[in-house]
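Residue-level structural notes
The chain contents come next:
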Amino acid sequence: MRQIIPSNNIAGNRKPLNNNNNNNNNNETHKLFNMAGVKALVGLSFSGAIGLTFLMLACGLEQFGVYWPLFVLIFYVVSPIPHFIAKRIGDDSDAASSACRELAYFFTTGIVVSAFGMPIILARINVIAWGACGLVLAGNAVIFLTILGFFLVFGRSDDFNWEQW
């Protein structure tokens, strides 16, 4: 049975009072899952900021003073592209593996290894200092783990909707 209770707003709209507690539990569960998504997004943003801070320290500290390590930003942008292409082109079967997906993993692995190899090569030929190389490698680890975490949290479920944000 629904009861109408008066509202205290200016328009005088009336809100129905629902005595069914099951509806409230569904709303609380929905809010809890939305909050978990927000917490994951905030955590991923924070870890991405830490990784970029390592990269900026490798470039901006006075004893290093060169900006060649910023070229790893290209690898950060390019690394998810094979996954996006494979997800778009690949068949929608629930097979454990497909050739397209495996090729995307191969290209992504090559991009990630190149991102770790470039600062080592730059340090080996004395273009950047070894301290800057260490900071770039730390930033790479944090950023690529952040990208992986994003795909694990938000990429698996097909029912995820960006409009809820």
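**Here we look at the overall build of the chain**
- A count of helical and extended segments in the chain gives five helices and two strands.
- Written out in order from the N terminus, the α and β elements of the chain read β-β-α-α-α-α-α.
- Burial statistics for the chain: of 165 residues in total, 24% are counted as buried.
- Within the chain, residue pairs in contact and separated by at least 24 positions form 58% of the contacts whose partners lie at least 6 positions apart.

**Here we look at the packing of helix H4 (residues 99-124) against helix H5 (residues 130-154)**
- For the pair H4 and H5, the least separation of the axes is 9 Å and the interaxial angle reads 175°. Overall, the two elements H4 and H5 adopt an arrangement that is roughly antiparallel. On the side of H4, the interface is formed by Val112, Ala115, Phe116, Pro119, Ile120, Ala123 and Arg124, while H5 contributes Trp130, Cys133, Val136, Leu137, Asn140, Ala141 and Phe144.
- Broken down by class, the residue content of the contact of H4 with H5 amounts to 12 nonpolar, one polar and one charged.

**Comments concerning the packing of aromatic side chains**
- Under the defined criterion, the tally for this structure stands at six aromatic pairs.
- Ring plane angle 55° and centroid distance 5.9 Å describe the contact between Phe106 and Phe107, whose orientation is recorded as tilted.
- Overall, the relative accessible area of 59% leaves Phe106 in the exposed class.
- Feature note: the residues Tyr76, Phe116 and Phe144 constitute an aromatic cluster, connected by ring pairs.

**Observations regarding the packing of helix H3 (residues 81-89) against H4**
- Remark: H3 packs on H4, axes separated minimally by 8 Å, with the N-to-C direction vectors making an angle of 175°. By the angle between their directions, the pair H3 and H4 is classed as roughly antiparallel. Facing Pro82, His83, Ala86 and Ile89 of H3, the residues of H4 in contact are Cys100, Arg101, Ala104, Phe107, Thr108 and Ile111.
- Counted by class, the contact of H3 with H4 contains seven nonpolar, two polar and one charged residues.

**So, a nonpolar patch on the surface**
- A cluster of nonpolar side chains, namely Trp68, Phe71, Ile74, Val77, Val78, Ile81, Ile85, Ile89, Ile121, Ile125 and Val127, defines an oily patch on the protein surface of about 1000 Å² accessible area.
- Mapped onto the secondary structure, Ile89 falls in helix H3.

**Let's talk about the confidence of the model for the chain**
- The predicted model of the chain has a mean per-residue pLDDT of 81, with 68% of residues at 70 or higher.
- Within the chain, helix H2 (residues 72-78) carries the highest mean pLDDT (96), whereas strand E2 (residues 15-17) carries the lowest (52).

**So, the nonpolar core**
- Counting residues in each nonpolar core, the largest one holds 19 residues, and the members touching the most others are Val72, Phe75, Tyr76, Ile128 and Phe144.
- Of all the elements in the fold, those that place two or more residues in this core are helix H1 (21-60), H2, H4 and H5.
- The biggest single contributor to this core is H5, with eight residues.
- Setting aside residues up to four positions removed in sequence, Val72 forms contacts with Leu55, Ala115, Met118, Pro119, Val136 and Asn140.

**Brief notes about unusual backbone geometry**
- A positive phi angle, near 60°, is found at Asn126, a position not held by glycine.
- Residue placement: Asn126 occurs in the loop between H4 and H5.

**Examining H4**
- The first and last C-alpha atoms of H4 sit 37 Å apart over 26 residues, in line with the 38 Å expected at 1.5 Å per residue.
- Looking at H4, one finds that the buried residues are Ala104, Ile111, Ala115, Pro119, Leu122 and Ala123.
- Just downstream of H4, Asn126 is the residue with a positive phi angle, here 60°.

**Overview of the environment of Leu148**
- By secondary structure assignment, the location of Leu148 is in helix H5.
- The class for Leu148 is partly exposed, based on a relative accessible area of 46%.
- Here the alpha-carbon distance between Leu148 and Pro80, two residues 68 residues apart in the chain, equals 9.2 Å.

Thresholds, definitions, all that
Residues numbered from 1 in each chain as written. Predicted model: local features only at pLDDT ≥ 70, side-chain atom pairs only at ≥ 80, totals over all residues. Heavy atoms only, no water. Helix = DSSP H or I, 4+ residues; strand = E, 2+ residues; numbered from the N terminus. Buried < 20%, exposed > 50% of the residue type's maximum accessible area, 1.4 Å probe, protein only. Contact = heavy atoms within 4.5 Å. Axes fitted to C-alpha atoms, helices over the stretch in contact; angles between N-to-C directions. Parallel < 35°, antiparallel > 145°, perpendicular 65-115°, else oblique. Nonpolar A, V, L, I, M, F, W, Y, C, P; charged D, E, K, R; others polar. Phe/Tyr/Trp six-rings, centres within 6.5 Å; stacked < 30°, edge-to-face > 60°. Patch = residues over 30% accessible without salt bridge, like charges linked within 9 Å, V, L, I, M, F, W, Y side chains within 5 Å. Areas by Shrake-Rupley, 256 points an atom, 1.4 Å probe, with all protein chains shown as cover. Salt bridge = Lys/Arg side-chain N within 4 Å of Asp/Glu carboxyl O. pLDDT = per-residue confidence, 0-100. Core = buried A, V, L, I, M, F, W, Y, C linked by side-chain atoms within 4.5 Å. Expected span 1.5 Å × (residues − 1).

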